[in-house]
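# Geometric and topological summary
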Amino acid sequence: TGSLLDVHDLSVSFDTYEGRHDVLDGVDLTVNEGETVALVGETGCGKSVTARSIMGTLPRPPGDITSGEIRYDGADLLADEAAHERVKGDEMSMIFQDPMTYLSPVYPVGSMMADVATYSGGRDASWWEILKNLLGHRADREAIRERSVELLDRMRIPDPEGTLDRYPVELSGGMRQRVIIAMALINEPDFLIADEPTTALDVTVQNQILDLLRERVEERDLSMLYITHNLGVAREIADRICIMYAGEIVEVGRTEDIFDAPLHPYTRGLLESIPKLTGFEGTGIDGQIPDYTDPPSGCRFHPRCPAAMEGTCDVEPVEEYAVGDDRTVACHLYEDGMDFEDAAAIAAD
Ligand code: SF4
Ligand code: MG
């Protein structure tokens, strides 16, 4: 299986009254076919900006993609707007964080699902779509209704038929999130981007939603980019994890490898801040994500890093080093091509 989504060297800036913010700095990210990748980092690290760039929903201006490529199944999405529209309509779907922002209060669930289904393929419906809508409207409506009921049922929403006629305010937060997922699935996408879809929910409901998502992803062999600040959630859902700090990917590895042996000091800090989950104990990470108008020189993490080396980390920009098998880390403690055992020994030191 090859890579389905390939983000290469993506840099994004924002112009604000405070000045220019370099929010993403050379992000590399790959999602293979049938794979779930979690993009993990603190609030404000650039996760949502990455998602929006991929979905083509980055507001431009003030956002500005200053370099990079986003390839989906070979198509160059930043260079080819028509391809981006097509991919967005037919192949990618986004699951949002806050259902109430995306569900209209004045339409019942069924009519919103029908809207999403009807407007697949982007806004420029082809002649065929228009013709189909004119000729086959009734039939389509029936089919869409059936598909909606089936999806709501798959999301274990009690009384799916009745739910189609309900308004979002009549549903609990967990039920609304299930509706959002059903909507994202209605056009049978191959690729899902989920932006913290369980953050607002309590842990029990969160786990139910994760189970439903994982079930669907496995059943349909979907690929997914799952965005979260919560490493515990990432461990539940992801095959691989990308750790992001201040607009840069600092470590990438298979989920079990990241948990067994975190290499980057930031990843270690994240794990240490949830000792119950990971068995790592320590002080966590002090300080905050830096100001993007004037990011730290060298490694962006150096002001917060307990392992920072003066004269190196504050001066030399970091590169991504391949360490062992299927692992990269952007940190001066390591060297490109290092054995995994050697790297793990350095990390444990
Ligand atoms: Fe810490 Fe230096 Fe590695 Fe950055 S490059 S994470 S400052 S040790
Ligand atoms: Mg966000």
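Here goes a summary of the coordinates provided. Just so you know, these numbers come straight off a predicted model, no measurement behind them.

## With respect to the overall build of the protein chain
Helix and strand counts for the protein chain come out as 14 helices and 12 strands. By the compact-globule yardstick of 20 Å for 349 residues, the protein chain fits well, its C-alpha radius of gyration being 21 Å. Seen through its C-alpha atoms, the protein chain measures out along the principal axes to roughly 70 × 45 × 40 Å. Of all 349 residues assigned to the protein chain, the portion counted as buried reaches 48%. Accessible area of the protein chain: about 16800 Å², with a carbon and sulfur share of 47%. In the protein chain, the 29 positive side-chain charges and the 67 negative ones have mean positions that sit 9 Å from each other.

## Brief notes about the site of ligand 1
The local shell around ligand 1 holds 13 residues, among which Cys-299, Cys-305, Cys-313, Cys-331 and His-332 are the closest. Its residues assigned to classes, the shell around ligand 1 comprises 10 nonpolar, 3 polar and no charged.

## Brief notes about the sheet that holds strand β12 (residues 328-329)
Overall, mixed pairing links the 8 strands, which are arranged β6-β7-β8-β3-β9-β10-β12-β11 in an open sheet. One side of each edge strand has no neighbouring strand; the edge strands of this open sheet are β6 (92-95) and β11 (321-322). Lying on the sheet, helix α9 (residues 203-220) is in contact with β3 (36-40), β6, β7 (191-195) and β8 (223-228); it crosses β8 at an angle near 160°.

## Thoughts on the nonpolar core
Note on soluble globular proteins: their nonpolar side chains tend to be buried together. Leu-5, Met-92, Phe-191, Leu-192, Ile-193, Leu-225 and Ile-241 are the most contacted members of the largest nonpolar core, which has 92 residues in total. Here this core takes 7 residues from helix α8 (residues 173-185), the largest share from any one element. Excluding residues that lie within four positions of it along the chain, Phe-191 makes contacts with Leu-4, Leu-5, Val-31, Tyr-72, Glu-91, Met-92, Ser-93, Ser-223 and Leu-225.

## A look at unusual backbone geometry
Omega for the bond connecting Arg-60 with Pro-61 falls within 30 degrees of zero, at -10°, which places this linkage in the cis form. Locating Pro-61 in the fold gives a position in the loop between α1 (47-55) and β4 (63-72). Pro-62 follows Pro-61 through a cis peptide bond whose omega is 10°. By the secondary structure assignment, Pro-62 is in the loop between α1 and β4. Of note in the backbone geometry, Arg-156 takes a positive phi value of approximately 55° without being a glycine. Checked against the element boundaries, Arg-156 lands in the loop between α6 (137-154) and α7 (160-164). Residue Asp-326 is not a glycine yet carries a positive backbone phi of 60°. Its place among the elements puts Asp-326 in the loop between β11 and β12. We classify Asp-326 as partly exposed; its relative accessible area is 38%.

## A short note on the side chain of Glu-35
Inspection of the secondary structure assignment puts Glu-35 in the loop between β2 (19-32) and β3. A relative accessible area of 9% means that Glu-35 is categorised as buried. Among the polar contacts listed, one links the side chain of Glu-35 to the backbone nitrogen of Asn-32, at a separation of 2.8 Å. Reaching out from Glu-35, the side chain makes a polar contact with the side chain of Arg-240 at a distance of 2.7 Å.

## Describing the pairing of β3
β3 sits mainly inside the fold: 5 of its 5 residues count as buried. In this sheet, strand β9 (residues 240-245) lies alongside β3 in parallel orientation, the contact comprising 4 bridges. Looking across to β9, one finds that Val-37 is bridged to Arg-240.

## Remarks on the packing of helix α4 (residues 109-118) against α8
It is at 9 Å that the axes of α4 and α8 come closest, and there the two elements cross at 25°. The angle between α4 and α8 falls in the class roughly parallel. Of the two elements, α4 crosses α8, and the hand of that crossing is right-handed. From α4, Val-109, Met-112, Met-113 and Val-116 reach across to α8, where they touch Val-179, Ala-182 and Met-183. When grouped by side-chain class, the residues that make up the contact of α4 with α8 number 7 nonpolar, no polar and no charged.

## A word on the packing of aromatic side chains
The relation between two aromatic rings is expressed through the spacing of the ring centres and the mutual angle of the planes. As enumerated under the stated definition, the model contains 4 aromatic pairs in all. Pairing Tyr-245 with Phe-301 gives two aromatic rings, centres 4.9 Å apart and planes at 75°, and the pair type is edge-to-face. Here Tyr-245, found in strand β9, pairs with Phe-301, found in the loop between α13 (275-278) and β11; they are 56 residues apart in sequence, far enough to count as distant. On the basis of relative accessible area, Tyr-245 is assigned to the buried category, the value being 2%. What makes Phe-301 buried here is its relative accessible area of 2%.

Thresholds, definitions, all that
Residues numbered from 1 in each chain as written. Chains lettered and ligands numbered in written order. Predicted model: local features only at pLDDT ≥ 70, side-chain atom pairs only at ≥ 80, totals over all residues. Heavy atoms only, no water. Helix = DSSP H or I, 4+ residues; strand = E, 2+ residues; numbered from the N terminus. Rg over C-alpha atoms; globule rule 2.2 N^0.38 Å. Buried < 20%, exposed > 50% of the residue type's maximum accessible area, 1.4 Å probe, protein only. Areas by Shrake-Rupley, 256 points an atom, 1.4 Å probe, with all protein chains shown as cover. Lys, Arg positive; Asp, Glu negative; His and termini not counted. Charge placed at Lys NZ, Arg CZ, Asp CG, Glu CD. Near = heavy atom within 4 Å. Nonpolar A, V, L, I, M, F, W, Y, C, P; charged D, E, K, R; others polar. Pairing = 2+ DSSP bridges. Contact = heavy atoms within 4.5 Å. Axes fitted to C-alpha atoms, helices over the stretch in contact; angles between N-to-C directions. Core = buried A, V, L, I, M, F, W, Y, C linked by side-chain atoms within 4.5 Å. Polar contact = N/O pair within 3.5 Å; in protein donor to acceptor, adjacent residues only side chain to side chain. Parallel < 35°, antiparallel > 145°, perpendicular 65-115°, else oblique. Left-handed = near helix turned anticlockwise from the far one by under 90°. Phe/Tyr/Trp six-rings, centres within 6.5 Å; stacked < 30°, edge-to-face > 60°.

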